[in-house]
Amino acid sequence: MKDLLSGLDVIDDADVLESLSHDDAEWAPYGRALAAVRPRTTEDVRRVVAACAARRVPIIPRGAGTGLSGGANAVDGAMILDLSRMNRIVEIDADNMTATVQPGVINDDLKRAVAEHGLWYPPDPASAPWSTIGGNVSTNAGGLCCLKYGVTRDYVLGLEAVVGGPAGEYGTVVRLGRRTTKGVSGYDLAGLFTGSEGTFGVLTEVTLRLRPARREAPRTVVGAFGSVVAAGEAVAAITRAGLLPAALELLDRTCLRAVEEWKHLGLESDAAALLLAQLDTPGLAGDEEASSVAGVFRSAGALWAEQSTDEIEAEALFAARRLAYPALERLSPVLTEDVCVPRSRVPEMLTAIEQIAARHGVTIATIAHAGDGNLHPLILAPAGDDAARRAAQAAFEDMLAAAIAMGGTVTGEHGVGLLKRAGMRQELSDPVLAMQVAVKQTLDPLNLFNPGKVIG
């Protein structure tokens, strides 16, 4: 194989391969990779894919490895494509409000670059300081602002990918989608690849839609609640009131305390839960909107609800939301859920989570993109405690079943990967699953691109 990859950055050191062979998903299995390659160009990727296809070597694309579903985990004998060095912003087209980037560009780096042109890239997963655009596209990542501004798919105009199957020999480079604001020429293949978790080909370039930068700093409204379920009731009340914050996030006491003990941000951590609403309507209308949100919080039973007038304090609160997962991970292994339910059923799902925790005797901390029904219960299990691990996994499966029963989905933004395959089979009907398998078999007949993920 090395002779086919001469001149490329090939890695076969066992320790480095070990670190590249899995993402951040707790307990998701992974195999022993053959080697890894760090390409820098589309041509490099094309060569790797062609060489692997000639030897029938599985190909595992990965970015920063921040995924939480096992979607970037290696299988035995695989070639890992570490795309982190394909990190060039190819073009920022301010006139047409688009950016074209390689897949290894960090989300926050793109935000900073386009901000210099008076533009904004809204998708903002909590991992935005570390996760890559390629990974965000592969899982159709959401984030804090997707309640108002949508998920990654809403910003993907076009893609470049290295594929095989019906397009030609493995190693064929194709461009999907468009650069125009509108376009319906043929099926939406760029949309199909977005969220496909690397199972159809390797993304090498992405053209993204941008928005004008916000004219004012967003307002932040904070509400403290005596229970997580009460906070969930307030979320449902916000929806009924017809209010649409840019973000509406939930953090429970366990998350707040873990962040405060780690980062000492000066957070109020006595309430059972906090709701953080971010509102970006400019001018007096924004002031009225913030007052309305605070009023709904109070009417829904908040212990207190106030608009933050201190930008540093507001930033600390949203920093706590982003830091909740790594803060808990410092305490013990964490099994992360990603269920999404209709917004009106958020209180019911939060109640179910509490009941599942009690039934299995596990500690579950909860963070959530509560405004769009996307909940992230975090199940803590002490390292080396097999009984706690089994209980955590049982609770994990029960939460999937509960979300499906409420008309929800097993993954809102983390992807199916390895951890949600059984849940997806519960969620989707047999005819729909058959269609999914048919798409995979058509686009990747050799089953080389990220095998064993999503459809299994």
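Residues numbered from 1 in each chain as written. Predicted model: local features only at pLDDT ≥ 70, side-chain atom pairs only at ≥ 80, totals over all residues. Heavy atoms only, no water.

A tally of regular secondary structure across the chain gives 14 helices and 18 strands. Its C-alpha atoms give the chain a radius of gyration of 22 Å, within 12% of the compact-globule value 23 Å for 456 residues. Considered along the principal axes of its C-alpha atoms, the chain spans approximately 65 × 55 × 45 Å. Here the chain holds 456 residues, and 57% of them are scored as buried. Of all intrachain contacts in the chain linking residues separated by at least 6 positions in sequence, the fraction that spans at least 24 positions is 73%. (Helix = DSSP H or I, 4+ residues; strand = E, 2+ residues; numbered from the N terminus. Rg over C-alpha atoms; globule rule 2.2 N^0.38 Å. Buried < 20%, exposed > 50% of the residue type's maximum accessible area, 1.4 Å probe, protein only. Contact = heavy atoms within 4.5 Å.)

This part is about the sheet that holds strand β5 (residues 89–93). Ordered by their spatial adjacency, five strands build an open sheet running β5-β6-β10-β8-β9, and the pairing between neighbours is antiparallel. Two strands bound the open sheet, and with one partner strand each, they are β5 and β9 (172–177). The sheet shows a mean angle of 10 degrees between the axes of neighbouring strands, direction not considered. Here six bridges tie strand β8 (residues 156–163) to β9, and the two strands are oriented antiparallel to one another. Note that in β9 the partner of V162 across the bridge is V173. Set on the sheet, helix α2 (residues 42–55) makes contact with β8, β9 and β10 (202–209); between it and β8 the angle comes to about 45 degrees. Taken strand by strand, helix α3 (residues 107–115) contacts β5, β6 (98–101) and β10, and its axis lies near 40 degrees from that of β5. (Pairing = 2+ DSSP bridges. Axes fitted to C-alpha atoms, helices over the stretch in contact; angles between N-to-C directions.)

This next bit is on the pattern of salt bridges. Counted under the stated rule, the structure contains 17 salt bridges. Among the salt bridges present, the one from D124 reaches R322, with a minimum N-O distance of 3.6 Å. Of this pair, D124 sits in the loop between β7 (119–120) and α4 (133–139) while R322 sits in helix α10 (residues 311–329); the two residues are 198 residues apart in sequence, bridging distant segments of the chain. Here D124 falls in the buried class, since its relative accessible area comes to 5%. For E160, the salt bridge goes to R175, with nearest N and O atoms at 3.1 Å. A residue pair is termed long-range when its members are at least 10 positions apart, and E160 in strand β8 and R175 in strand β9 qualify at 15 residues. (Salt bridge = Lys/Arg side-chain N within 4 Å of Asp/Glu carboxyl O.)

With that settled, consider the packing of helix α7 (residues 228–240) against helix α9 (residues 283–299). Interhelical geometry of α7 versus α9 gives an angle of 135 degrees and a closest axis separation of 9 Å. It follows that α7 is oblique to α9 by the angle criterion. For the element pair α7 and α9, the recorded crossing hand is right-handed. Contacts between α7 and α9 pair A234, A237 and I238 from the former with V293, V296 and F297 from the latter. (Parallel < 35°, antiparallel > 145°, perpendicular 65-115°, else oblique. Left-handed = near helix turned anticlockwise from the far one by under 90°.)

Moving on: the sheet that holds strand β2 (residues 35–37). Strand order in this open sheet of four strands is β1-β2-β4-β3, and the pairing throughout is mixed. Here the strands that pair on one side only, and so sit at the sheet edges, are β1 (10–11) and β3 (59–62). Relative to strand β4 (residues 79–82), β2 runs parallel, the two being bridged by three bridges. What sits directly across from V37, in β4, is L81.

This paragraph deals with the environment of G301. Along the polypeptide, G301 turns up in the loop between α9 and β15 (304–308). With 76 residues separating them along the chain, G301 and F225 place their C-alpha atoms 7.1 Å apart.

What follows is about the pairing of strand β13 (residues 247–252). When you tally the buried positions in β13, you get six out of six residues, the bulk of the element. Here β13 runs beside strand β17 (residues 363–369); their pairing, made up of two bridges, is antiparallel. Bridging across to β17, L251 finds its partner in I367.

Take the packing of aromatic side chains next. Scanning all chains against the criterion turns up five aromatic pairs. Their ring planes at 80 degrees and their centres at 4.9 Å tell us that W120 and Y149 sit as a pair that is edge-to-face. With a gap of 29 residues between them, W120 in strand β7 and Y149 in helix α5 (residues 146–149) connect regions that are remote in the sequence. Side by side, W120 and Y149 carry an identical accessibility label, which is buried. Arranged with centres 5.5 Å apart and planes meeting at 65 degrees, the rings of F193 and F200 form a pair that is edge-to-face. The pair F193 / F200 is uniform in exposure class, with both members buried. Across from the ring centre of W262, 4.4 Å away, lies the NZ or CZ of K263, which sits over that ring. (Phe/Tyr/Trp six-rings, centres within 6.5 Å; stacked < 30°, edge-to-face > 60°. Lys NZ or Arg CZ within 6 Å of the ring centre and 35° of its normal.)

Between its first and last C-alpha atoms α7 spans 19 Å; for 13 residues at 1.5 Å apiece the expected length is 18 Å, and the two agree. Counting buried residues in α7 gives ten out of 13 residues, a clear majority hidden from the surface. Those residues of α7 not exposed but buried are V228, V229, A230, A231, G232, A234, V235, A236, A237 and I238. On its buried face, α7 is in contact with β12 (219–225), β13, β14 (273–279), α9 and α11 (346–360). (Expected span 1.5 Å × (residues − 1).)

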